[in-house]
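Now for the letters of each chain:
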Amino acid sequence: MMENSSRPRKGQAGRAGRNRRNAPACPPIGALMRYGERTVRVIAEAGGQRVIIESVDEDGRSFRSAVKWANLAGLEGQLFWAR
């Protein structure tokens, strides 16, 4: 009878486990986040550790694009400033 080993098989689960721990987590759908200097909303999850974001440009037009999770940051402080 073979015993169950807690050690992963060589070249399989251990390798994927290391990559999974270092990979950033996918932001939740609908979250407001920072992409560079823009505030964006996460619309959907795309393949290859990417998400679809929606943002508004200076002219008020909204557009969508795919960006990597690692390039998104959470909002810090307030979203709107008091004048």
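Note that the coordinates shown come from a computational prediction; the quantities given were computed from them, not determined experimentally. (Residues numbered from 1 in each chain as written. Predicted model: local features only at pLDDT ≥ 70, side-chain atom pairs only at ≥ 80, totals over all residues. Heavy atoms only, no water.)

**A word on the pattern of salt bridges**
For the structure on display, the rule yields 4 salt bridges. The residue Glu-54 makes a salt bridge to Arg-41 at a minimum N-O spacing of 2.5 Å. On the criterion of sequence distance, the pair formed by Glu-54 in strand β3 (residues 50-56) and Arg-41 in strand β2 (residues 38-46) is long-range, its members being 13 residues apart. For Glu-54, a relative accessible area of 18% corresponds to the buried category. The partner of Arg-61 in a salt bridge is Asp-57, with the nearest N and O atoms 3.3 Å apart. A relative accessible area of 53% means that Arg-61 is categorised as exposed. In the salt-bridge network here, residues are joined through shared partners; they are Arg-41, Glu-54 and Arg-64. (Salt bridge = Lys/Arg side-chain N within 4 Å of Asp/Glu carboxyl O. Helix = DSSP H or I, 4+ residues; strand = E, 2+ residues; numbered from the N terminus. Buried < 20%, exposed > 50% of the residue type's maximum accessible area, 1.4 Å probe, protein only.)

**Quick look at unusual backbone geometry**
One non-glycine residue with positive phi stands out, namely Gln-49, at about 55°. With respect to the secondary-structure elements, Gln-49 resides in the loop between β2 and β3.

**Topic: the side chain of Glu-54**
A polar side-chain atom of Glu-54 sits 2.5 Å from a polar atom in the side chain of Arg-41. Excluding residues within four positions of it along the chain, Glu-54 makes contact with Val-40, Arg-41, Ile-43, Ser-62, Phe-63 and Arg-64. (Polar contact = N/O pair within 3.5 Å; in protein donor to acceptor, adjacent residues only side chain to side chain. Contact = heavy atoms within 4.5 Å.)

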